[in-house]
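# Observations on the model geometry
Chain by chain, the residues run as shown.
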Amino acid sequence: MNLLNLIEEASRAKGSALELARCMRKAPARISEWKKGRAKPDAGEVAYMAKAAGLPVLITVAMIEAELHPETRDLWETALGEIEARPGFSL
């Protein structure tokens, strides 16, 4: 999962990118900026899109944060490893 895939899945789930923007109370241009890499959504915005897309919120946030912030990638990958190590849970 990467940010572009997440935006596309959340947009599909909401019916369109325009509707996703409306539901998130964002200008449609903001969604476009995220798609083009000109701006980055915060963790709360990522969580909203994950929930809208029917994806596991914490796992998706960790994956996207690792992508968007290389300086903290190790932290997020450690968190994902801890989640995966829990009995009865898999990524």
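Thresholds applied
- Residues numbered from 1 in each chain as written.
- Predicted model: local features only at pLDDT ≥ 70, side-chain atom pairs only at ≥ 80, totals over all residues.
- Heavy atoms only, no water.
- Core = buried A, V, L, I, M, F, W, Y, C linked by side-chain atoms within 4.5 Å.
- Buried < 20%, exposed > 50% of the residue type's maximum accessible area, 1.4 Å probe, protein only.
- Helix = DSSP H or I, 4+ residues; strand = E, 2+ residues; numbered from the N terminus.
- Contact = heavy atoms within 4.5 Å.
- Salt bridge = Lys/Arg side-chain N within 4 Å of Asp/Glu carboxyl O.
- Axes fitted to C-alpha atoms, helices over the stretch in contact; angles between N-to-C directions.
- Parallel < 35°, antiparallel > 145°, perpendicular 65-115°, else oblique.
- Left-handed = near helix turned anticlockwise from the far one by under 90°.
- Nonpolar A, V, L, I, M, F, W, Y, C, P; charged D, E, K, R; others polar.

### A few points about the nonpolar core
Counting residues in hydrophobic clusters, the biggest one holds 17 residues, and the most contacted among them are Leu 3, Ile 31, Trp 34 and Met 49. Breaking this core down by element, the ones donating at least two residues are helix H1 (3-14), helix H2 (17-24), helix H3 (28-36), helix H4 (43-53) and helix H5 (57-68). The contact partners of Leu 3, leaving out residues within four places of it in the chain, are Trp 34, Pro 41, Met 49, Ile 64, Glu 67 and Leu 68.

### What to know about the pattern of salt bridges
Note that side chains of opposite charge can pair when their charged atoms are close. Tallying each qualifying case throughout the model produces three salt bridges. Arg 22 is the salt-bridge partner of Glu 19, the closest N and O atoms lying 2.5 Å from each other. Placement of both Glu 19 and Arg 22 in helix H2 is noted, with a separation of three residues, approximately one turn of the helix. Owing to a relative accessible area of 24%, Glu 19 belongs among the partly exposed residues under this scheme. Residues Glu 45 and Lys 26 are paired through a salt bridge, measuring 2.8 Å at the closest nitrogen-oxygen approach. Remark: Lys 26 occurs in the loop between H2 and H3 and Glu 45 occurs in helix H4; sequence separation between them is 19 residues. Judged by its relative accessible area of 12%, Glu 45 is buried. What makes Lys 26 partly exposed here is its relative accessible area of 28%.

### Regarding the packing of H2 against H3
Where H2 meets H3, the axes come as close as 8 Å, and the angle between the chain directions of the two elements is 115 degrees. One way to sum up the angle between H2 and H3 is to call them roughly perpendicular. The two elements H2 and H3 cross, and the hand of that crossing is right-handed. In this structure, H2 uses Ala 17, Leu 18, Leu 20, Ala 21 and Met 24 to contact H3, whose residues at the interface are Pro 28, Ile 31, Trp 34 and Lys 35. Taken together, the residues of the contact of H2 with H3 sort by class into eight nonpolar, no polar and one charged.

### With respect to the side chain of Thr 60
Looking at the secondary structure, you find Thr 60 in helix H5. You can call Thr 60 buried: its relative accessible area is 3%. If we ignore the near neighbours within four places in the chain, the residues touching Thr 60 are Met 1, Leu 6, Val 46, Ala 50 and Leu 55.

### Some remarks on the environment of Leu 6
For Leu 6, the position within the fold is in helix H1. A relative accessible area of 0% places Leu 6 in the buried class. Distance from Leu 6 to Glu 45, taken between C-alpha atoms, is 11 Å for residues 39 residues apart in sequence. Apart from residues lying up to four places away in sequence, Leu 6 is in contact with Met 1, Val 46, Met 49, Ala 50, Leu 55, Thr 60 and Ile 64.

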